[in-house]
Structures are given as C-alpha cells and as structure tokens.
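# Coordinate inspection notes
Residues per chain, in single letters:
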Amino acid sequence: MELKITCIPGDGIGPEIVAEAKKTLDAVALKYGHDMKYTDILMGGASIDVHGVPLTDEAVETARRADAVLMGSIGGDTTTSPWYKLAPNLRPEAGLLAIRKALNLFANLRPAVLYEELAGACPLKAEISEKGFDMLIMRELTGGLYFGERRTTEENGVRKAVDTLTYDEKEIRRIAIKGFDIARKRKKKVTSVDKANVLDSSRLWRAVVEEVAKDYPDVTLEHMLVDNCAMQLVKDPAQFDVILTENMFGDILSDEASMVTGSIGMLASASLNDTKFGLYEPSHGSAPDIAGKDLANPIATILSASMMLRYSFDLDKEADAIDNAVKQVLKDGYRTGDIMSEGCTQVGCKKMGDLIVERIQ
Ligand code: IPM
Ligand code: MG
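Residues numbered from 1 in each chain as written. Chains lettered and ligands numbered in written order. Predicted model: local features only at pLDDT ≥ 70, side-chain atom pairs only at ≥ 80, totals over all residues. Heavy atoms only, no water.

## Brief notes about the side chain of Ser258
Mapped onto the fold, Ser258 is located in helix α9 (residues 247-261). Since its relative accessible area comes to 4%, Ser258 is described here as buried. (Helix = DSSP H or I, 4+ residues; strand = E, 2+ residues; numbered from the N terminus. Buried < 20%, exposed > 50% of the residue type's maximum accessible area, 1.4 Å probe, protein only.)

Written out as structure tokens, the structure is:
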C-alpha cells in the first residue's frame, strides 16, 4: 500500500523525534511491504524564519493532499525567543491552530496510559497507581474559546479583554459520536466533562451528549463537572475510560492526565476530521532546552506514527508491531533521560529509535 504522509518536523526537538518516527515507519514498510512517500512542510517558528508567517497556504495544501500528517512539535522559549515578540496571530502556536481549523481536525484523541514498566514514574501514591489506568481524552479541537471572537479594548483608560465561548449542537454532536464510537472499542464508558452548573455552552453540551448516548445503549455515560474531574484524575484515575470534553477543558485535563502517568515523553495523540485523515503528534512540547542534543525521547512520536497507521490506514498489525517493539525496548531496560530509573540503561534519541527498529525487523 502507498502511504502519502506529510511531515512537520517543526521546532525544538521536533526534527529529531520526527526523524526517529520516520525510521520506524520505514522499518514497518520494509517488513510489511508498504511504500511510504514523505513530503515535509514548515510550520511554527521554522516557517516564521523562512516565510514570516507560522503557516503558509501552500503548506496547508500540501498537507491536504496527503493521507495523513505526522508532526513533531512547534514553538520555542516564550521568554527568550524572538518569535514571541511578534503579534499573537504570527507566533508559532497560531500555525498549529490554523492547520487544525483548515483541515477541520475537530476530534483530538489523547491517550494517557500508565505503562507497567514505568509505574515507578507515576507521582501518585502506590495504592492508587497499582490499579493502573488507561484512559483516552477526546477533546473537541476546533471550537469553543480557542476560536471564538476575541478583542482587547480600552474604555476611559480601563483596558478590557473579551474571549467568547460558543458551541452549536452540530459541533457537539460530531465529537460526541466520535467519543462513543471509540468507547465501544474500549471499555464502553464515556465520562462527559462540562461546567453545566454555570455555563450555557455546557448545558447544551450535556443535552446533546445525552441525545447521542441513546444510540449507544451498550456504552455507559456519566457526566462530571470539570473541577471534580481535575480532582478525580489524581484521586482515582482507574475509573476513566473515555473522557469527552470541550476544547479548553480538554487542553487542561489532558496535561493533567499526562502528568499523572509520569512519562509525558511516551504519550501520543491524534487529531481527526470526519474522514480517515488525521494529524498525529506527541502530547509533549518542543523542549527547546534540550533541542539538538540527542536527549529527546522519540517514543511519543513513534507511538503517534503507530496511531496514524491504525486510524488513518487501518493497518492494525503494523501498528501493533510498533507498540510491541516499544514495550519490548522498555522491558529490555532501555530509557531516555526523562524516564530513566535505577538499573536501566540510558540512551539518546537516535539510539532509542534504533532499538525500536531492531525489534520490528
Ligand atoms: C496543545 C497545546 C496547544 C493548545 C497550544 C500550543 C496552542 O497546548 O496542543 O494542547 O492549547 O491546544
Ligand atoms: Mg495543551
């Protein structure tokens, strides 16, 4: 099968981790007889440096022509990088928001899994972490506060800023359907997270999610207020299967969930539209402090490539091969610096990629 993949190496550690993910995909292609066709595009700071904007229309069109997009990370140090002296709509993150919107990537899947081999890295008490957890945050990605009208004004010498939170029922319905569909393939439980005790947008969210739930009698639905969810994530993460939530809540809760695993360098993500097309990226950022030093953990990007094979290409066997190779490398005691623990062997980014490739061949 021919797989047309647009790559966004991006900024910071992005180029290093994407290189390892490509290496892994090439090993899969060789073993299972596929043909990977990569085209790179610039986004974020890398695009600002060349084109003066964080994403060009040409780059979007290249991405659109592919079957899927594999991304590293974008952005730099917000206090020292010149990119952050630019107007907000010209900064690296604006490129990411623009590509999400342009490609209609409304469904963001962020799994947070406690790997048995890395249980020691979990910051929770043993009595909580020993139950293990495996949840998926389904975050709405193209609506809400991120894309509402915003402005900053000054009235009578008083500065004032407004951001608006809007959802219509279609936007809620399509993400809820994705959430229930995926719960059906997992532990059949959806926790819909909102702030329905205060916000109208949340009350509509809750009503529409309940309508969608009627088509999924085999899936259990519960509602949870976002503040309570933030608490439950550290108190009893094992209770969650699919967490379904709006853009801003999902941004915050997915960072919290990843921290609870203790190994954000391991967490992949997918952003999908209503076809098979998707953008796949690690959940972590661009870590400019360790960029170019061969210190980054490429596993989250490699697992994102695995998600790409699974969700955009239906290549489950090939995705399993990557997931199993990653598990085996961990079992064999290899760790990058961020997940290093006593008795293990510390390796760099490239070596970690090589070790995973060896276990695929
Ligand atoms: C994320 C990031 C982005 C977001 C930023 C970089 C705009 O935090 O992907 O979670 O808030 O969506
Ligand atoms: Mg975030």
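From this point, the discussion proceeds with the structure in view.
## Some points on the sheet that holds strand β8 (residues 189-194)
Two orientations exist for strands paired in a sheet by backbone hydrogen bonds: parallel and antiparallel. With mixed pairing, 10 strands are arranged side by side in an open sheet as β2-β1-β3-β12-β11-β4-β5-β10-β8-β9. Two strands bound the open sheet, and with one partner strand each, they are β2 (35-40) and β9 (220-225). Sheet twist, expressed as the average angle between the axes of neighbouring strands with direction ignored, equals 25°. As judged from the 3 bridges shared by strand β4 (residues 107-113) and strand β11 (residues 268-272), these two strands associate in the antiparallel manner. Each bridged residue has a counterpart across the sheet, and for Leu109 the counterpart in β11 is Ala270. Sitting on the sheet, helix α6 (residues 169-184) touches β4, β5 (134-140), β8, β9, β10 (242-245) and β11, and the angle it makes with β5 is about 165°. Its contacts with the sheet put helix α7 (residues 200-213) on β5, β8, β9 and β10, and the angle it makes with β9 is roughly 170°. (Pairing = 2+ DSSP bridges. Axes fitted to C-alpha atoms, helices over the stretch in contact; angles between N-to-C directions. Contact = heavy atoms within 4.5 Å.)

## Quick look at the packing of helix α1 (residues 14-32) against helix α11 (residues 316-331)
It is at 11 Å that the axes of α1 and α11 come closest, and there the two elements cross at 130°. Classified by the angle between their axes, α1 and α11 sit oblique to one another. In the packing of α1 onto α11, the handedness of the crossing is right-handed. Two secondary-structure elements touch here, α1 through Thr24, Val28 and Tyr32 and α11 through Lys317, Glu318, Ala321 and Ile322. In terms of residue class, the contact of α1 with α11 is built from 4 nonpolar, 1 polar and 2 charged. (Parallel < 35°, antiparallel > 145°, perpendicular 65-115°, else oblique. Left-handed = near helix turned anticlockwise from the far one by under 90°. Nonpolar A, V, L, I, M, F, W, Y, C, P; charged D, E, K, R; others polar.)

## Considering the site of ligand 1
Inspection of the region around ligand 1 gives Glu93, Arg100, Arg110, Arg139, Tyr146 and Asp251 as its neighbouring residues. At 2.8 Å, a side-chain N or O of Arg110 approaches an oxygen atom of ligand 1. The contact in question runs from an oxygen atom of ligand 1 to an N or O atom on the side chain of Arg139, over 2.9 Å. In the complex, the protein chains occlude 72% of the 320 Å² of accessible area that ligand 1 would expose alone. Its residues assigned to classes, the shell around ligand 1 shows 1 nonpolar, no polar and 5 charged. (Near = heavy atom within 4 Å. Polar contact = N/O pair within 3.5 Å; in protein donor to acceptor, adjacent residues only side chain to side chain. Areas by Shrake-Rupley, 256 points an atom, 1.4 Å probe, with all protein chains shown as cover.)

## Thoughts on the side chain of Asp241
Structurally, Asp241 is set in the loop between α8 (226-235) and β10. On the accessibility criterion, Asp241 (1% relative accessible area) is buried. At 3.1 Å, the side chain of Asp241 and the backbone nitrogen of Lys188 are in polar contact.

## Regarding the pattern of salt bridges
Tallying each qualifying case throughout the model produces 27 salt bridges. Among the ionic pairs, Arg100 bridges to Glu281, the shortest N-O distance being 3.9 Å. Here Glu281 lies in strand β12 (residues 278-282) and Arg100 lies in helix α4 (residues 92-102), a separation of 181 residues in the sequence. Taking relative accessible area as the criterion, Glu281 reaches 7% and is therefore assigned buried. Here Glu155 and Lys160 are joined by a salt bridge, their closest N and O atoms 3.9 Å apart. (Salt bridge = Lys/Arg side-chain N within 4 Å of Asp/Glu carboxyl O.)

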